[in-house]
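# A look at the structure
Chain by chain, the residues:
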Amino acid sequence: MQYKYFICLLISMVSLWSCNQAQDSKTTSEQDQLAGNRIFISINGDTLAPVQKSEEEWKAELDAQAYNVLREAGTERAFTGKYWDNKKQGIYTCAGCGLPLFSSDTKFKSGTGWPSFWEPIRPEHVLLKEDKAFGMARTEVLCARCGGHQGHVFDDGPKPTGLRYCINSVSLDFVEGAKMKGEKP
Ligand code: FE
């Protein structure tokens, strides 16, 4: 009788172990997909490592609205953010990790109430993901370094790309007057 119990226990332990293994490999694969072989460059031209934090860590360091948008793919109300009407020259960085994401050179007036750009500062700095939430087929824009939700990209933007990166102000910080190292002042 005791022998049967022992076999049962052994089987349970093995299934639990396999389950954990599967979950671990899923997490690793998601992290690989996020960081990939991408190279992240700071405003000063330094190479930056990918940022991986637990949800508890993000919650501790972001305020409630930034956490809702960056980590839960929320959306700020139109015309309420700090940058939709910002016309100053500079660089917009990720509010989660500081990665440069957009330049004022590609910002345009979209009339939507959200900061809008026709191109990211470096294609490698953003991650695009299919988003079928709320019954719509949209393309989500994430910071490729930390995975922070930025907004969505649509194909009704101006020339030369025809794209409209519709971004939440709360997902961004603004470094006034900054240029990426190597760019003309
Ligand atoms: Fe980021």
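Okay, so let's go over this structure. Quantities reported herein were computed from a predicted structural model and do not represent experimental measurements. (Residues numbered from 1 in each chain as written. Predicted model: local features only at pLDDT ≥ 70, side-chain atom pairs only at ≥ 80, totals over all residues. Heavy atoms only, no water.)

### Some words on the sheet that holds strand 9 (residues 149-154)
Spatially, six strands are ordered 5-6-10-9-8-7 in an open sheet, and the strand pairing comes out antiparallel. Each edge of the sheet is formed by a strand with only one pairing partner; in this case those strands are strand 5 (107-108) and strand 7 (126-131). Both strand 9 and strand 10 (residues 164-167) contribute to a ladder of four bridges, which runs antiparallel. Opposite Val153, over in strand 10, you have Tyr165 as the bridge partner. (Pairing = 2+ DSSP bridges. Helix = DSSP H or I, 4+ residues; strand = E, 2+ residues; numbered from the N terminus.)

### Let's talk about the pairing of strand 10
Side-chain alternation along strand 10 places Arg164 and Cys166 on one buried face and Tyr165 and Ile167 on a second face that is also buried. Relative to strand 10, strand 6 (residues 116-117) is paired through two bridges, and the arrangement is antiparallel. Looking at strand 10, one finds that Phe117 is bridged to Tyr165. (Buried < 20%, exposed > 50% of the residue type's maximum accessible area, 1.4 Å probe, protein only.)

### Comments concerning the pairing of strand 9
Where burial is concerned, most of strand 9 is hidden: five out of the six residues are buried. When strand 8 (residues 138-143) meets strand 9, the two strands line up antiparallel, connected through four bridges. The residue bridging Thr139 from the neighbouring strand is Val153, located in strand 9. The turn linking strand 8 back onto strand 9 is made up of five residues, and Gly147 within it adopts a positive phi angle of 80°.

### Describing the coordination of the iron ion
Coordination of the iron ion by the protein comes from Cys94 (SG), Cys97 (SG), Cys143 (SG) and Cys146 (SG), over a distance range of 2.3 to 2.4 Å. Given four donor atoms and angles of 102 to 114° at the metal, the environment of the iron ion is assigned as tetrahedral. All donors of the iron ion come from a single chain, and their spacing in sequence reads C-x2-C-x45-C-x2-C. Take Cys94 and Cys97: they sit in the same class, and that class is buried. (Donors = N, O, S within 2.8 Å, 3.2 Å for Na, K, Ca; no water. Tetrahedral: all angles 85-135°; square planar, octahedral: opposite > 155°, others 65-115°.)

### Considerations on the nonpolar core
Ranked by internal contacts, the top residues of the largest apolar core, which has 29 residues, are Leu101, Phe102 and Leu172. Secondary structure elements with two or more residues in this core: helix 3 (64-72), strand 3 (90-94), strand 4 (100-103), strand 7, strand 8, strand 10 and strand 11 (172-176). The element contributing the most residues to this core is helix 3, with four residues. Each residue touching Leu101, except ones within four places of it in the same chain, is listed here: Tyr92, Thr93, Cys94, Pro120, Ile121, His125, Val126, Cys143, Gln150 and Leu172. One finds Ile41, Ile43, Ile91 and Ala178 within the second-largest nonpolar core, a separate group that totals six residues. (Core = buried A, V, L, I, M, F, W, Y, C linked by side-chain atoms within 4.5 Å. Contact = heavy atoms within 4.5 Å.)

### Quick word on the sheet that holds strand 3
Ordered by their spatial adjacency, three strands build an open sheet running 4-3-11, and the pairing between neighbours is antiparallel. A strand with exactly one partner marks an edge of an open sheet, and here the two such strands are strand 4 and strand 11. Adjacent strand axes in the sheet meet at a mean angle of 30°, parallel and antiparallel pairs treated alike. Direction of pairing for strand 3 relative to strand 11: antiparallel, over a ladder of five bridges. Residue pairing for strand 11: Tyr92 is matched across the bridge by Phe174. (Axes fitted to C-alpha atoms, helices over the stretch in contact; angles between N-to-C directions.)

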